[in-house]
Amino acid sequence: MSYQEIIEELFTSVKQEKNIGSLATFIPELGNVDPGKFGIHLTQVDGLSYGIGDHEERFSIQSIIKVPSLALAYKLMGESLWTRLGYEPSGNPFNSLVQLENDHGIPKNPLINSGALVISDVLISKLNNPHEDFLEFVRKAAGNPSISYSPRIAESEKSASYRNTALCNFIKSFGNIRNNPEEVLDFYFNQCSIELSCRELSEAFFFLANYGLAPPDNDRMMTVSQVKRINAIMQTCGFYDESGEFAFKVGLPGKSGVGGGIVAIHPGQYSIAVWSPILNKKGNSYRGVKFLEQFTTRTELSIF
Ligand code: GLU
């Protein structure tokens, strides 16, 4: 069976089952999304691509952007990046404050909020025009000049940013945020506000499946070794405190966001994005996890 036939069949069966969980209402704009949305898009490294359902509709990718942010910071800083944060799974919720006290403001990894705030701080220090230069990096990775921030979603997040503000100030108190916390938070909210369709998201992560080369001209985004490490971090830290379960069930590196998106990659094979906004208790898309678990089971292809 082809990928296309398997995707079609699983899409239909997962859609018929009950969708269990809730929308991420802690960001007011995310509570306004139609909970029944469901889309999937797969982009193969050989250029073939296939999508189904709401795969062309843009949604808020939220924390999925933490991966491109990490990629750019790693490219700019090299190994010295790891003096500012770690690469161990946290085993705690994405917006947790508890570990930071013991770890003296050094976040466990770049894919939780504390880590992403430090990454934002690094990018502000390193880039001439952080907002513009970061967008340029994402556009180049995706081969898509239309990607932009959403002021509507950024503002909505800012209006309820008590926890992220606490995190940023707390890290600052340990000296691991070098810039003004307000500037760091503003940049972070803008990154999280980006909206992409499943097609665009799978294209934006294509370079991680393709050993660092991005479409359409095979531009090198980063070294093969750096890609290996980013994929390893996605595998161990990409799904909040459900990363172990995702590795167990799906067996692919990936990242989720509270907008209900999940992107996963199979090195040398494909990048796949799924969107369904109802989240399970750990904050991952209920249908997204279900679909991907069945997809790697049916194709008998995972990294393991
Ligand atoms: N913008 C969200 C926050 O900082 C991202 C959460 C997520 O998708 O994990 O709370």
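Before any of the text, the structure's been laid out above.
The following refers to the structure shown. (Residues numbered from 1 in each chain as written. Predicted model: local features only at pLDDT ≥ 70, side-chain atom pairs only at ≥ 80, totals over all residues. Heavy atoms only, no water.)

### Some points on the pairing of strand β8 (residues 261-266)
(1) Moving on: Where burial is concerned, most of β8 is hidden: six out of the six residues are buried.
(2) Moving on: Residue alternation in β8 divides its side chains into two sets, Gly261, Val263 and Ile265 and Ile262, Ala264 and His266, and both sets are buried.
(3) Moving on: The turn linking strand β7 (residues 254-256) back onto β8 is made up of four residues, and Gly260 within it adopts a positive phi angle of 95°. (Buried < 20%, exposed > 50% of the residue type's maximum accessible area, 1.4 Å probe, protein only. Helix = DSSP H or I, 4+ residues; strand = E, 2+ residues; numbered from the N terminus. Pairing = 2+ DSSP bridges.)

### Topic: the site of the ligand
(1) Moving on: Around the ligand sit 13 residues, and of these Gln62, Ser63, Glu157, Tyr188 and Tyr240 come closest.
(2) Moving on: Among the residues forming the shell around the ligand, the class breakdown is seven nonpolar, five polar and one charged. (Near = heavy atom within 4 Å. Nonpolar A, V, L, I, M, F, W, Y, C, P; charged D, E, K, R; others polar.)

### What to know about the sheet that holds strand β1 (residues 39-44)
(1) Moving on: Sheet architecture is open: five strands sit in the order β2-β1-β9-β8-β7, paired in antiparallel fashion. Edge strands, defined here as strands with exactly one partner in the open sheet, are β2 (49-53) and β7. When strand polarity is set aside, the average angle formed by the axes of neighbouring strands in this sheet is 5°.
(2) Moving on: Here β1 runs beside β2; their pairing, made up of five bridges, is antiparallel. Each bridged residue has a counterpart across the sheet, and for Ile40 the counterpart in β2 is Ile52.
(3) Moving on: The sheet strands contacting helix α1 (residues 3-16) are β1, β2 and β9 (270-275), and the helix crosses β2 at an angle near 15°. (Axes fitted to C-alpha atoms, helices over the stretch in contact; angles between N-to-C directions. Contact = heavy atoms within 4.5 Å.)

### Brief notes about the environment of His131
(1) Moving on: For His131, the position within the fold is in helix α5 (residues 130-142).
(2) Moving on: Apart from the residues lying within four places of it in its own chain, the contact partners of His131 are Tyr149, Asp186, Phe187 and Asn190.

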